[in-house]
Amino acid sequence: MCSACGILQGNADWIDGVGGGAGEAPHNRLAERRLRLALVNLLLEGSGVRLGDHGRQLVVRSATGSTRLVTDLAHVWRTADELGRRRIDPLHGDPVAKLPESRG
């Protein structure tokens with residue numbers, strides 16, 4: 001998606017969270033966005049890909065240096081399957097056990 005389409009889309013994205021709104025401090029929104037990226041990367045462990053961001057775009061990067069811009073969470077999983085070493089199933093096993101609060 002080009003930047004013009006991204007601007008026109010205008011809907012709140014999962015990565016930006018649901019709370020706060022326009023009055024929320026920018027550093028809080030950025031911190032929450034980074035936390036969500038870290039949580040997705042926990043689910044991507046062992047796949048050979050990582051999720052990052054570039055402005056308002058999400059970037060899936062492989063261990064070999066391939067990169068793809070994606071627009072939403074569904075595209076993250078699909079792209080990770082294409083670029084990674086193995087297919088991703090974020091619900092396989094016990095995804096909650098991967099979260100920092102559940103680690104002993």
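Model, not experiment: these values are computed from the prediction.

A look at the sheet that holds strand β2 (residues 57-62)
In spatial order, the strands read β1-β2-β3; together these 3 strands make up an open sheet with antiparallel pairing. Both outer strands of the open sheet, β1 (49-54) and β3 (67-70), are each paired with one neighbouring strand and no more. For this sheet, the mean inter-axis angle between neighbouring strands, taken without regard to orientation, is 30 degrees. As paired strands, β1 and β2 are joined by 6 bridges and run antiparallel to one another. Paired with valine 49 across the two strands is serine 62, which belongs to β2.

Considerations on the nonpolar core
Leu44, Leu51, Val60, Val76 and Trp77 are the most contacted members of the largest nonpolar core, which totals 14 residues. Elements with a minimum of two residues in this core: α2 (26-44), β1, β2 and α3 (73-83). Filtering out sequence-adjacent residues up to four positions away, valine 76 remains in contact with Val40, Leu51, Leu58, Val60 and Val70.

Procedures and definitions
Residues numbered from 1 in each chain as written. Predicted model: local features only at pLDDT ≥ 70, side-chain atom pairs only at ≥ 80, totals over all residues. Heavy atoms only, no water. Pairing = 2+ DSSP bridges. Helix = DSSP H or I, 4+ residues; strand = E, 2+ residues; numbered from the N terminus. Axes fitted to C-alpha atoms, helices over the stretch in contact; angles between N-to-C directions. Core = buried A, V, L, I, M, F, W, Y, C linked by side-chain atoms within 4.5 Å. Buried < 20%, exposed > 50% of the residue type's maximum accessible area, 1.4 Å probe, protein only. Contact = heavy atoms within 4.5 Å.

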